[in-house]
Number of protein chains: 2
Amino acid sequence: MATWKNLDTLSSYDKLSGLKNHVDIATAMSGEQGGERVKNYSTPMAAGLQYNYAAKEVDETVLTALAELADEAQLIDKFEELYNGAVINTGEKRMVLHHLARTQLGNPVVVDGVDKRDFYVAQQKKAADFANKVHAGEIVNEAGEKFTTVVQIGIGGSDLGPRALYIALENWAKANNTFKMEAKFISNVDPDDAAAVLASVDLAHALFIVVSKSGTTLETLTNEAFVKDALTKAGLNPSKHMLAVTSETSPLAKSDEYLTAIFMDDYIGGRYSSVSGVGGAILSLAFGPEVFAELLDGAAAEDKLATNRDLLKNPDMLDALIGVYERNVQGYPSTAVLPYSQALSRFPAHLQQCDMESNGKSVNRFGEPVDYVTGPVIFGEPGTNGQHSFYQLLHQGTDIVPLQFIGFKNSQLGVDVDIESSTSQQKLCANVAAQIVAFACGKEDENLNKNFKGKRPSSIIVGDKLTPASLGALLAHFENKIMFQGFVWNLNSFDQEGVQLGKILAKRVLAHDTDGALKVFSDMLNI
Amino acid sequence: MATWKNLDTLSSYDKLSGLKNHVDIATAMSGEQGGERVKNYSTPMAAGLQYNYAAKEVDETVLTALAELADEAQLIDKFEELYNGAVINTGEKRMVLHHLARTQLGNPVVVDGVDKRDFYVAQQKKAADFANKVHAGEIVNEAGEKFTTVVQIGIGGSDLGPRALYIALENWAKANNTFKMEAKFISNVDPDDAAAVLASVDLAHALFIVVSKSGTTLETLTNEAFVKDALTKAGLNPSKHMLAVTSETSPLAKSDEYLTAIFMDDYIGGRYSSVSGVGGAILSLAFGPEVFAELLDGAAAEDKLATNRDLLKNPDMLDALIGVYERNVQGYPSTAVLPYSQALSRFPAHLQQCDMESNGKSVNRFGEPVDYVTGPVIFGEPGTNGQHSFYQLLHQGTDIVPLQFIGFKNSQLGVDVDIESSTSQQKLCANVAAQIVAFACGKEDENLNKNFKGKRPSSIIVGDKLTPASLGALLAHFENKIMFQGFVWNLNSFDQEGVQLGKILAKRVLAHDTDGALKVFSDMLNI
């Protein structure tokens, strides 16, 4: 059994803390030694990706200290306990099994006589069969016609992840002839969200997936009612247009108002549920079940790498520990995720949820306050767009923001144009390469307004092309990074009590059970 | 003439620094006094909006200190100099005239015999006339058919602002019968961006607006070539499908390859250019020139409020100074913008650019290093979505993130559904009211995992409905806030030297003129 201790009780952390500002990356990344560093500070990920950390503020000394921290914090032991079914989510007293939705890493995990791997595979098969029948015209609308659009109704983990993955693969699927139907998403309780999406779809040929584990999420139930209302008004039968992704004990599970119900359980949290039916149903409908299976395989291969005790061969743990060094020793409060890929335009928003909801905590897994900073603020937009926007602050602002670049050698669609002896894809790649060096090395100028101090750390994940498999590996990489950081900080990364108070107060507002500030704000907003 | 001094040389700043943690908002916002505070700490903005700062860490003492800082830093004098045509952009030796694109606040500003207000109005009229002719079928495609879609090709300021404003008004225009044509945007040099947008439009009926002040922006020229290539391959004549928004001296200005050219000048920076032809052409085409004019009127009315020397009657300056107090005295490194309006989904990305590119600087307007922190990291997503995502960290994380809420009493489309005795719009508003109080007051719980410390400051801008006028006021509010903060920090908020180094290095990569780290990264990315 691993021992769970606060970060500041570990002697290896003490040692690491002594290494503040140990590496000057402006020097380390300059000249020929910089080239050597880029070659050496790289480790393979799954699906042909590689994680390059040459422009991070590390050297052999820091890396050794990080490896000692990984050992002392028993990170791999904890991961093993997790995938073997220990109750890692201490707050809600639940196991944490999202890895099991893509691979069996350890021993069978059996709950109430059900092997959980079998359960997840069965639900994937259910989603796949449903999708195949829709594509084959066996499941059709009231008029016997094929469905052409699928709309997901969900919020938070039921929205951001699946939406980011759909956008990431839409062009790939079109280029590879696996595109089956367009997907749209309704999430916000703002009625303009649902109304605008509904106005953009052909209702008679639209399928709707209602996603709520508990079957009680306010926004989702409200939007479901909104959609049912619209279907009914259009003379359509909602039960012929809707399916549910929910838990077996939810009110949605037993309803005959759905074409089918695909089940989730309590062991995969919303922000980790893209690999369950939450992502599986919509992605299988949009691109075919084979594409979703490839994504799971990519994630599974990355998970396997994350079991390696050798820090330098475990890109997920290495990225996590460098992040801890940046957050707790170097004192950087935020991190930017910068994919040089328009297809990953919503991937930073998904990671923002995954990271900030998992590790934005001030008490440890035993409910005791911690005396060190935990999860950073995460934000990001695709490059090169960001270069013409907030990069000014990243280059010359008073605070240092660590950066996580992502880049691919090839575009997804393969349509390109050659201008001034280079393609757009080459320009895109040239820009990300240039940014890493510009951030690290800077450039002296007598005019301080044009001076770049450099010393702004970044890493890059490089791949051949954004495919289902590499996207799965990317997703698993960040999930595992967040998990390892939670272990280091001794947090429970798998609950989210911080979202409860707002819900309770919102109910009081709607019940007109308010006083003081809440009442005046309610009046001001005409509630 | 105003005197430009560093913040840390001002005696009022010294005094303000002594007020760290002066107000406990958990107490101040509780009970009946909380209600009084919400009523009192509110100031009108233009277009029926109001700025409420009850949940900010201020009281009469802090507000008095902020007013003294506003006076000593001569913020209104500096604003007056700006709109009267002083060379405020010291780095590039340029005037800063974006206010003049919407209103004449001061004396006429004449450059080379041209009254700049007349120039901006003339360009707006040119954009309006062009749009009217397109709508009337007087400007048509080769086959004499009407255009149905307009696509903007631009990046940074030529993309984020216009895109955010288009998304903000799309539903409003549809509900108010002023929707003329769909707009799309191509920005990234990633070829998958242009290819995907082109695949989604009917080329024969599409207009393209090429937006580049200099006429040399790499991404925009490359994407223009990409589009021309596609038009030509489709048997269409690019010059019958394209217009330019550019400066009079740019290579694009004199080209007969465009249907028309609408002019910009050097005195409106990219991130402030939504009110010039950069936003005017596409918004006039999409919604009609009258809608764009209403937006300008809303901005103009807000600008007028920003000239008020009374801090409590100047919402833009007040917001700015509270932000300085949070950044420099309280030490908060980032700020979240949280609109409870799906229509404002990309407004935070625009503000992220506007703020971080303007004030992400380490040297003052004279090119000397400053010894205090300047612009914060800005990020945000619409609510209620964010509540199911990163709000966990905002409520219970180890760092405090100041929050800027935006909410409207009414939806834009007016289509709604009543579930459990409330509409979706009421639920949306109930949630934002609840969040402000939850963040400020928190809630004690013996189980520390469920404990909310509160004391997390926020403000809210409340409006009746998101309309062209209120959107214009909102845009001007944040632009003016950023301007005032730049004055306080003694920065030049109107240049962006930090984006140059990356451009230079990218050119070297494309010319294969690299060594060391840059060469190895280039090889890794197959350039």
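So, how was this worked out
- Going along each chain's sequence as written, the residues are numbered from 1 onward.
- As a convention, the first chain written is A and the first ligand written is 1, with the rest following in written order.
- Reporting of local features is limited, given that this is a predicted model, to residues whose pLDDT is at least 70; pairs of side-chain atoms are given and counted only at 80 or more, and all residues count toward the totals for whole chains, interfaces and linings.
- Working from all heavy atoms in the structure, the side-chain values ignore hydrogens and water.
- Runs of E in the DSSP output that reach at least two residues are strands. Runs of H or I that reach at least four are helices, and both are numbered from the N terminus.
- For a compact globule the rule gives 2.2 Å times the number of residues to the power 0.38, and the radius of gyration it is set against comes from C-alpha atoms.
- In what follows, a contact means two residues having at least one pair of non-hydrogen atoms within 4.5 Å.
- By the counting rule applied here, Lys and Arg register as positive and Asp and Glu as negative, while His and the ends of each chain are not counted.
- Think of each charge as sitting on NZ of Lys, CZ of Arg, CG of Asp or CD of Glu.
- Values labelled buried area give the accessible surface lost by two parts on being combined, using a 1.4 Å probe and summing over both.
- We define a salt bridge as a contact between a side-chain nitrogen of Lys or Arg and a carboxyl oxygen of Asp or Glu at a distance within 4 Å.
- For this analysis, a polar contact is any N or O atom pair within 3.5 Å, provided that within protein one partner can donate a hydrogen and the other can accept it, and provided that sequence-adjacent residues contribute only side-chain to side-chain pairs.
- When residues are sorted by character, Ala, Val, Leu, Ile, Met, Phe, Trp, Tyr, Cys and Pro go into the nonpolar class, Asp, Glu, Lys and Arg into the charged class, and all the rest, Gly among them, into the polar class.
- Superposition of the copies used a least-squares fit over C-alpha atoms from residues whose pLDDT is at least 70 in both.
- Think of it in three bands: with a 1.4 Å probe and only protein chains considered, a residue is buried below 20% of the maximum accessible area for its type, exposed above 50%, and partly exposed in between.
- By the convention used here, strands pair only if DSSP detects at least 2 bridges between them.
- By convention, a crossover is right-handed whenever its connection, traced from the first strand over the helix to the second and viewed with the strands pointing away, goes clockwise.
- Axis lines are fitted to C-alpha atoms, over the contacting stretch for helices. Their N-to-C directions set the angle, which ranges from 0 to 180 degrees.
- To pair, rings of Phe, Tyr and Trp, with the six-membered ring standing in for Trp, must have centres within 6.5 Å; the planes then decide the type, stacked if under 30 degrees apart, edge-to-face if over 60, and tilted in the middle.
- UniProt positions are given in the numbering used here, feature names are shortened, and annotations may be inferred rather than shown by experiment.
- The span you would expect from a helix comes to 1.5 Å times its residue count less one.
- Directions from the helix axis toward the C-beta atoms define the arc.
- An angle counts as roughly parallel when it lies under 35 degrees, as roughly antiparallel when it exceeds 145, as roughly perpendicular when it falls between 65 and 115, and as oblique in every other case.
- By convention the crossing between two helices is left-handed if the near helix lies anticlockwise of the far one by an angle smaller than a right angle, and right-handed if it lies clockwise.
- Residue ranges assigned to the domains are those given by an automatic or database domain assignment.
- In this scheme, the bend at a residue equals the angle between the axes fitted to the seven residues that finish there and the seven that begin there.

1. Regarding the overall build of chain A
Phase 1 of the analysis: Scanning chain A from N- to C-terminus turns up 18 helices and 15 strands.
Phase 2 of the analysis: Taking 24 Å as the expected radius of gyration for a compact globule of 527 residues, we find that chain A reaches 24 Å, a close match to that expectation.
Phase 3 of the analysis: Pairs at least 24 apart in sequence give 74% of the contacts found in chain A among residues at least 6 apart.
Phase 4 of the analysis: Within chain A, one finds 46 positive and 65 negative side-chain charges whose respective centroids are separated by 1 Å.

2. A closer look at the side chain of His395(A)
Phase 1 of the analysis: You can see His395(A) is positioned in helix H14 (residues 391–396).
Phase 2 of the analysis: Among all residues touching His395(A), those that are not within four sequence positions of it are Gln435(A), Ala438(A), Phe439(A), Phe452(A), Arg456(A) and Gly498(B).

3. Observations regarding the interface of chain B and chain A
Phase 1 of the analysis: Counting from both sides, the interface comprises 129 residues of chain B and, opposite them, 129 residues of chain A.
Phase 2 of the analysis: Contact between chain B and chain A buries roughly 11,000 Å² in total, counting both sides, with carbon and sulfur atoms accounting for 66%.
Phase 3 of the analysis: Contact with chain A buries surface across chain B, with His388(B), Phe521(B) and Leu525(B) losing the most and accounting together for 7% of the total.
Phase 4 of the analysis: Our enumeration of links across chain B and chain A arrives at six salt bridges.
Phase 5 of the analysis: Residue Lys450(A) pairs with Glu497(B) through a salt bridge whose shortest N-O separation is 3.8 Å.
Phase 6 of the analysis: Our count for the contact surface shared by chain B and chain A stands at 40 residue pairs in polar contact (both at pLDDT 80 or more).
Phase 7 of the analysis: No other element matches helix H15 (residues 424–441) of chain B, which puts 15 residues into the side of chain B that touches chain A.
Phase 8 of the analysis: Split by residue class, the side of chain B that touches chain A holds 56 nonpolar, 52 polar and 21 charged.

4. Points about the relation of the copies chain B and chain A
Phase 1 of the analysis: When chain B is fitted onto chain A, the two copies agree to an RMSD of 0.0 Å after a turn of 180 degrees and an axial shift of 0.0 Å. Viewed as a symmetry operation, the transformation between the two copies matches a two-fold axis. The position closest to the rotation axis in chain B is occupied by the C-alpha of Phe379(B), lying 3.2 Å away.
Phase 2 of the analysis: By residue overlap, the copies meet face to face through one surface: 100% of the interface positions of chain B are interface positions in chain A.

5. Remarks on the pairing of strand S6 (residues 182–186) of chain A
Residues and elements named next belong to chain A.
Phase 1 of the analysis: Burial analysis of S6 places four of its five residues in the buried class, which makes it a mostly covered element.
Phase 2 of the analysis: Looking at chain direction, strand S5 (residues 149–153) and S6 are connected through five bridges and run parallel. What sits directly across from Gln-152, in S6, is Phe-185.
Phase 3 of the analysis: Taking the sense of rotation as the criterion, the β-α-β connection linking S5, helix H7 (residues 160–175) and S6 turns out right-handed.

6. Overview of the pattern of salt bridges
Phase 1 of the analysis: Applying the stated rule across the entire model yields 50 salt bridges over all chains.
Phase 2 of the analysis: Of the charged contacts, one joins Glu224(A) and Lys228(A) as a salt bridge, the two residues approaching to 3.4 Å between their closest N and O atoms. On the criterion of helical spacing, the pair formed by Glu224(A) and Lys228(A) is a turn pair, its members being four residues apart in helix H9 (residues 218–233). Like Lys228(A), Glu224(A) is buried.
Phase 3 of the analysis: Note that Asp129(B) is salt-bridged to Lys125(B), the shortest N-O span being 2.9 Å. Placement of both Asp129(B) and Lys125(B) in helix H6 (residues 116–135) is noted, with a separation of four residues, approximately one turn of the helix.

7. Brief notes about the sheet that holds strand S7 (residues 206–211) of chain B
All names here are of chain B.
Phase 1 of the analysis: Spatially, S6-S5-S7-S8-S9 is the arrangement adopted by the five strands of the open sheet, whose pairing is parallel. In the strand order of this sheet, the two ends are held by strand S6 (182–186) and strand S9 (261–264), each with one partner. Between one strand axis and the next, the sheet turns through 20 degrees on average, direction left out of account.
Phase 2 of the analysis: Sheet analysis places strand S8 (residues 242–247) next to S9, joined by four bridges and oriented parallel. Across the sheet, the residue bridging to Ser-247 is Met-264, located in S9.
Phase 3 of the analysis: Each of strand S5 (149–153) and S6 is contacted by helix H7 (residues 160–175), which is oriented at about 150 degrees to S6, the strand it contacts most.
Phase 4 of the analysis: Each of S5, S6, S7 and S8 is contacted by helix H9 (residues 218–233), which is oriented at about 160 degrees to S7, the strand it contacts most.

8. Regarding the packing of aromatic side chains
Residue and element names in this part refer to chain A.
Phase 1 of the analysis: Evaluated as defined, the whole model comprises 34 aromatic pairs over all chains.
Phase 2 of the analysis: Consider the rings of Tyr-41 and Tyr-53, whose centres lie 5.1 Å apart with planes at 15 degrees: the pair is stacked. One end of the pair, Tyr-41, is in the loop between helix H3 (31–40) and strand S1 (42–44); the other, Tyr-53, is in the loop between strand S2 (50–52) and helix H4 (60–72), with twelve residues separating them in the sequence.
Phase 3 of the analysis: Exposure remark for Tyr-53: the relative accessible area of 3% places this residue in the buried category.
Phase 4 of the analysis: Taken together, a centroid distance of 5.5 Å and an interplanar angle of 50 degrees make the contact between Tyr-272 and Phe-494 tilted. A residue pair is termed long-range when its members are at least 10 positions apart, and Tyr-272 in the loop between strand S9 (261–264) and helix H10 (277–287) and Phe-494 in the loop between helix H16 (468–489) and helix H17 (500–510) qualify at 222 residues. By the burial criterion, Tyr-272 is buried, and Phe-494 matches it.

9. Section: the UniProt feature "active site" (unreviewed entry) in chain A
Phase 1 of the analysis: According to UniProt, the "active site" (unreviewed entry) feature falls on Glu357(A), His388(A) and Lys503(A). Spanning 147 residues, the named residues are also spread out in space, since their farthest C-alpha pair is 37.9 Å apart.
Phase 2 of the analysis: Within the secondary structure, His388(A) is located in the loop between strand S11 (377–379) and H14.
Phase 3 of the analysis: Using a relative accessible area of 16% as the deciding quantity, one classes His388(A) as buried.
Phase 4 of the analysis: Residue contacts for His388(A): discarding those within four places in its chain leaves Ile155(B), Gly156(B), Gly157(B), Thr217(B), Glu219(B), Gln353(B) and Glu357(B).
Phase 5 of the analysis: Here Glu219(B) takes part through its side chain, which lies 3.0 Å from a polar atom of the side chain of His388(A).
Phase 6 of the analysis: Summarising the element assignment, Lys503(A) is placed in helix H17.

10. What to know about H4(A)
Residues and elements named next belong to chain A.
Phase 1 of the analysis: Taking 1.5 Å of rise per residue, the 13 residues of H4 would be expected to cover 18 Å, and the 18 Å separating its terminal C-alpha atoms lies within 8% of that figure.
Phase 2 of the analysis: For H4, every residue scored as buried is listed here: Val-62, Leu-63, Ala-65, Leu-66, Leu-69 and Ala-70. Looking down the long axis of H4, one finds its buried residues gathered within 160 degrees of arc, a one-sided arrangement.
Phase 3 of the analysis: Where H4 is buried, its residues meet helix H1 (11–17), helix H5 (75–83), helix H12 (315–329) and H16.

11. Examining the packing of H7(A) against H10(A)
Residues and elements named next belong to chain A.
Phase 1 of the analysis: Where H7 meets H10, the closest approach of the two axes is 10 Å, and the angle between their N-to-C directions is 20 degrees. In terms of orientation, H7 lies roughly parallel with respect to H10. Helix-helix and strand crossings are classified by hand; for H7 and H10 the assignment is right-handed. Along the contact surface, H7 presents Pro-162, Leu-165, Tyr-166, Leu-169, Glu-170 and Ala-173, while H10 presents Val-278, Gly-279, Ile-282, Leu-283, Ala-286 and Phe-287.
Phase 2 of the analysis: Here the contact of H7 with H10 is built from residues that sort into ten nonpolar, one polar and one charged.

12. Considerations on the domain arrangement of chain A
How big an interface is tends to be stated in terms of the accessible area lost upon association of its parts.
Phase 1 of the analysis: Taken domain by domain, chain A consists of domain 1 (7–97 + 296–491), domain 2 (99–294) and domain 3 (499–527).
Phase 2 of the analysis: Using only C-alpha atoms to locate each centre, domain 1 of chain A and domain 3 of chain A end up separated by 40 Å.

13. Some remarks on the packing of H7(A) against helix H13 (residues 347–359) of chain A
Residue and element names in this part refer to chain A.
Phase 1 of the analysis: The interhelical angle for the contact between H7 and H13, taken along N-to-C directions, is 155 degrees, at an axis separation of 8 Å. Between H7 and H13, the crossing angle belongs to the class labelled roughly antiparallel. Two packed elements cross with a definite hand, and for H7 against H13 that hand is left-handed. Across the interface between the two elements, Leu-160, Gly-161 and Ala-164 of H7 pack against Phe-347, Ala-349, His-350 and Gln-353 of H13.

14. Some remarks on the environment of Asn431(A)
Phase 1 of the analysis: As for its position among the elements, Asn431(A) is in helix H15 (residues 424–441).
Phase 2 of the analysis: Here Asn431(A) is in contact with Tyr340(A), Thr384(A), Gln387(A), Leu218(B) and Ala506(B), once residues within four sequence places are set aside.
Phase 3 of the analysis: Side chain to side chain, Asn431(A) and Gln387(A) meet in a polar contact 3.0 Å long.

15. Structural notes on H7(B)
In an α-helix, one turn spans 3.6 residues, which is why side chains three or four residues apart end up on the same side.
All names here are of chain B.
Phase 1 of the analysis: Along its 16 residues, H7 runs 24 Å from first to last C-alpha, staying within 8% of the 22 Å computed at 1.5 Å per residue.
Phase 2 of the analysis: Along its length, H7 shows its largest kink, about 40 degrees, at Leu-169.
Phase 3 of the analysis: Most of H7 is tucked away: 13 of the 16 residues are buried.
Phase 4 of the analysis: At the C-terminal side of H7, Asn-177 shows a positive phi close to 55 degrees.

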